Every structure is written in C-alpha cells, then in structure tokens.
Amino acid sequence: MDGLSGQGPAAADRADTAIRAIGLIKDFGDTRAVDGVSLAVPRGTIYGLLGPNGAGKTTTLRMLLGIIDPSSGSRVVLGHDRPIDAAPQIGYLPEERGLYPAMHCREAIAFMGALRGLSLPEGRRRADALLAEHGLGEWARKPIRTLSKGMAQTVQLLGTIVHQPRLIVLDEPFSGLDAINQARLEEMIRTKAREGATVIFSTHVIAHAERLCERIAIIAKGKVAFEGAVDDARAKLRPIVRLRTRNADGPWRSAIPAGTRTSGRDWEFELPESGPEPLLRALIDGGAGIETLAIERPGLHDAFVAIAGDAAAAAMKQEVPQ
Ligand SMILES: Nc1ncnc2c1ncn2[C@@H]1O[C@H](COP(=O)(O)OP(=O)(O)OP(=O)(O)O)[C@@H](O)[C@H]1O
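Residues numbered from 1 in each chain as written. Predicted model: local features only at pLDDT ≥ 70, side-chain atom pairs only at ≥ 80, totals over all residues. Heavy atoms only, no water.

Points about the overall build of the protein chain
A tally of regular secondary structure across the protein chain gives 11 helices and 13 strands. Considering only C-alpha atoms, the protein chain reaches an extent of 80 × 50 × 40 Å along its principal axes. Residue pairs at least 24 apart in sequence account for 69% of intrachain contacts in the protein chain once pairs closer than 6 positions are excluded. Summed over all atoms, the accessible surface of the protein chain reaches about 15500 Å², with 52% contributed by carbon and sulfur. For the protein chain, the centre of its 40 positive side-chain charges and the centre of its 39 negative side-chain charges are spaced 3 Å apart. (Helix = DSSP H or I, 4+ residues; strand = E, 2+ residues; numbered from the N terminus. Contact = heavy atoms within 4.5 Å. Areas by Shrake-Rupley, 256 points an atom, 1.4 Å probe, with all protein chains shown as cover. Lys, Arg positive; Asp, Glu negative; His and termini not counted. Charge placed at Lys NZ, Arg CZ, Asp CG, Glu CD.)

Set out below in structure tokens:
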C-alpha cells in the first residue's frame, strides 16, 4: 500500500514528493540539534543535505526515517505519515558503517535485504549479481573482515540497495572512500535516479552536491539556510566577467563598474544587471581591444558562502575528499 489514497492537491503532492518535512525540530536536552527544518524532495531526483559537521544533517535524516521522533513538526515519506510504514521501500546507509566481520559478503548483502523484506534466496542471488557488477565477484564467499575499508563500504552500499528501494538515504556516503570509489558511488547514485529511485544524501563536501544534485538544502546550526534547485542557489549571485584588454584606457572604461578589481589590463567584475550585450557593445564601440573575455556563472561554493556565510564555508573546507 502506497499511502496515495484520495485525490486533489494534497494527494498529488504525496504522489510527486518522496519526502516532505514541515518544521522539524529536535531537542536533545538543552541542545536544539534541528531547528525548524522544512524541505521537499521530488520523486526521482537526487537531493543533497549540505552543511558542516554538527549542522543537524544526521538528526534530520534520522527523523525522516522514523529512527527518532521529532520534538515537533511533521514529515510524509513516500506518501506515509509514519516513515516506518515506508521502511520496506527505503534503503539507508547510516553514518556509522558496520557489518558483521565474520559474515560472507553475499550473506551480508542478503541479510540487509531480508531486514527490508526481501527473501534470503533472492537476496543471495541479487548479491552475487551486484558483487560481480561492482568488481567484487571473487569476494562473494569471503568474510567481510578480509576486505579493505573501501570494499567493505561498497558491500554495505550494495546491501542498502539490494531490495531495490524507491527511496535511498545515504548519510555522508563519500566519507572514507578513495577517489575511484567516490566516482563509482556517484555513478551508482546517478544510475539509481535514472531507474526512478529518489536519492537523498548528506555531505559536507560541496563538490559532490554540485556534481550530483538537482536540489539541495543548505543546513547551518540546525536551520535551513536555503532549500531549492542548485541552479537557483547559484543564481543568487551575479555571473563574473573576466576581461583582458589590449588598451589600458579609453571611452570603454565607463562600461566597467566602479570598484572593479584590476591588475594591469585584467579586469574582474560582476556582470551588470543589463546583461552581456550592452557591456560587449560598450567595450567594442569604446575601443577596449578585447583580448580575452569570460563570463562565468558562480559555482555552488560561492553561492554557499553567500547563503551560509564564511564561517560555515570554512567549516566545510576543513575536510576535503580523499
Ligand atoms: N543523541 C544525541 N544526544 C545529544 N546531542 C546530540 C545527539 N545527536 C546529535 N546531537 C547534537 O546535535 C547536533 C547536530 O548533530 P548531527 O549529528 O545531526 O549533525 P551533522 O550535521 O550530521 O554532523 P556530523 O556529520 O558531524 O554528524 C550536534 O551538536 C550534536 O552534538
């Protein structure tokens, strides 16, 4: 049962939205870990929860999954008011990794599937196929303790998706992976989304969110500082113009905004509101002699700084991808 009964806008929202959270608050004693988080994750999208350590990402994910109850606020997950009712359709990779060291890889994956309602024989069959697909075919009947950390993490990921969940929740999935395995995981996430699954992951690495996500929530100190499309976050800043001219002076200088950063014949400034065409015309007609010109959209990192502030951005940078 999908929980999609009824008609009208509310039912349509449940059908289109994998997760809707409204005003989630979580207090641990005197600590308010999450302070009024609202967000909407459209079905079939890749969604990032972006914020420094301690921002409240894990606590938010745990509330969305029904592992802990919010102090107040509500959430609807795959059409269910109680996230636990959606559990068989969810795959969850927690921040603390861990598999039974003595278990064989295929058994570990099948076991994780069984916890979500998949039969053990089918789980083993799928485990063999998944392990082979991810270059771990030879390890199917070897115990987890013989794997490298990265390989064990891959096995845990395969166990997270073995029951083909419609919603995949990954808490800091890139932590602890080397560059090759990070790239593989990115590809796996894209493939799952192409197949129709919804993926939500938390990260403190802006580049992963920028490469993967259509939508993000930027969380700082338990609050949502931005929620929406990555493009809308980037659109909060004006594009940057980088210009090199042959001439140092001339009538064209009036086209360059006051306070522009310059060194010699290099100029860097925000694209004026009137857009690129009047600027180009003024530079050409005014005899700047354009040697090189680039107009670049700001990246998500610049947008993050503008939205969450320098301190939050600096905290994100403390840990870089391996
Ligand atoms: N069970 C708990 N009891 C008390 N405080 C907690 C508990 N869980 C989380 N907190 C606190 O809530 C705040 C948010 O923690 P949370 O783990 O959600 O952040 P995060 O963004 O996921 O960061 P990290 O990646 O470091 O886990 C932190 O100050 C943390 O110490």
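Read on for the rest.
Brief notes about the site of the ligand
By nearness alone, every residue bordering the ligand is listed as F28, A33, P52, N53, G54, A55, G56, K57, T58, T59, E95 and E172. One nitrogen or oxygen atom from the main chain of G54 is found 2.7 Å from an oxygen atom belonging to the ligand. A distance of 2.6 Å separates an oxygen atom of the ligand from a polar side-chain atom of T59. Alone, the ligand offers 630 Å² of accessible surface; in the complex the protein occludes 62% of this. Here the shell around the ligand takes 3 residues from helix 2 (residues 57-65), the largest share from any one element. (Near = heavy atom within 4 Å. Polar contact = N/O pair within 3.5 Å; in protein donor to acceptor, adjacent residues only side chain to side chain.)

Let's talk about the packing of helix 3 (residues 105-115) against helix 5 (residues 149-161)
Two elements in contact, helix 3 and helix 5, have axes whose closest approach is 7 Å; the angle formed by their N-to-C orientations is 35°. You can see that helix 3 and helix 5 cross each other, and the crossing is right-handed. Contact with helix 3, carried on its side by C105, I109, M112 and G113, involves V155, Q156, L158, G159 and T160 of helix 5 and no other residues of that element. Grouping the amino acids of the contact of helix 3 with helix 5 by side-chain chemistry returns 5 nonpolar, 4 polar and no charged. (Axes fitted to C-alpha atoms, helices over the stretch in contact; angles between N-to-C directions. Left-handed = near helix turned anticlockwise from the far one by under 90°. Nonpolar A, V, L, I, M, F, W, Y, C, P; charged D, E, K, R; others polar.)

Observations concerning the domain arrangement of the protein chain
Here the protein chain is partitioned into domain 1 (8-234) and domain 2 (240-296). Distance from the C-alpha centre of domain 1 to the C-alpha centre of domain 2: 46 Å. (Domains from an automatic or database assignment.)

So, helix 2
The periodicity of an α-helix, 3.6 residues per turn, causes residues three or four positions apart to be oriented the same way. A large share of helix 2 lies buried, amounting to 8 of its 9 residues. Those residues of helix 2 lying buried are K57, T58, T59, T60, L61, M63, L64 and L65. At the C-terminal side of helix 2, G66 shows a positive phi close to 80°. (Buried < 20%, exposed > 50% of the residue type's maximum accessible area, 1.4 Å probe, protein only.)

Re the sheet that holds strand 5 (residues 90-93)
Read across the open sheet, the 6 strands follow the order 5-6-7-3-8-9; overall the sheet is mixed. Both outer strands of the open sheet, strand 5 and strand 9 (223-229), are each paired with one neighbouring strand and no more. The sheet shows a mean angle of 10° between the axes of neighbouring strands, taken without regard to direction. Relative to strand 8 (residues 215-220), strand 3 (residues 46-50) is paired through 4 bridges, and the arrangement is parallel. The residue of strand 8 that forms the bridge with L49 is A217. In this fold helix 5 packs onto strand 5 and strand 6 (167-171), with an angle of close to 160° to the strand it touches most, strand 5. Sitting on the sheet, helix 6 (residues 179-194) touches strand 3, strand 6 and strand 7 (198-203), and the angle it makes with strand 3 is about 135°. (Pairing = 2+ DSSP bridges.)

Let's talk about the side chain of Q156
Positionally, Q156 belongs in helix 5. Setting aside residues no more than four positions away along its own chain, Q156 makes contact with L93, P94, R97, G98, L99 and M112.

Here we look at the pairing of strand 9
Consecutive residues of a regular strand have side chains that alternate between opposite faces of the sheet. With 6 bridges joining them, strand 8 and strand 9 adopt antiparallel strand pairing. Paired with A220 across the two strands is K223, which belongs to strand 9. Counting the residues between successive antiparallel strands, the hairpin from strand 8 to strand 9 contains 2 residues, one of them, K221, with a positive phi of roughly 50°.

Some words on the nonpolar core
The biggest cluster of nonpolar side chains holds 47 residues, and the ones touching the most others in it are L50, I216 and L300. No other element matches the 5 residues that helix 5 contributes to this core. Filtering out sequence-adjacent residues up to four positions away, L50 remains in contact with K57, T203, V205, I206, A209, I216, A217, I218, I219, L300, F304 and M316. Core analysis: the second largest hydrophobic core is formed by 26 residues, A33, V41, A55 and A217 among them. (Core = buried A, V, L, I, M, F, W, Y, C linked by side-chain atoms within 4.5 Å.)

Considering the side chain of T154
Mapped onto the elements, T154 comes out in helix 5. Beyond its immediate sequence surroundings of up to four residues, T154 is in contact with H134, L136 and N181.

Regarding the sheet that holds strand 1 (residues 17-28)
If you walk across this open sheet you meet the 3 strands as 2-1-4, and the pairing is antiparallel. The open sheet has two edge strands with one neighbour each: strand 2 (31-42) and strand 4 (72-77). Across the sheet, the mean angle separating the axes of adjacent strands is 15° when strand polarity is ignored. As defined by bridge partners, strand 1 adjoins strand 4 across 5 bridges and the pair is classed as antiparallel. Across the sheet, the residue bridging to I25 is S72, located in strand 4. Against the sheet, helix 2 touches strand 1, strand 2 and strand 4, its axis set at about 120° to strand 1.

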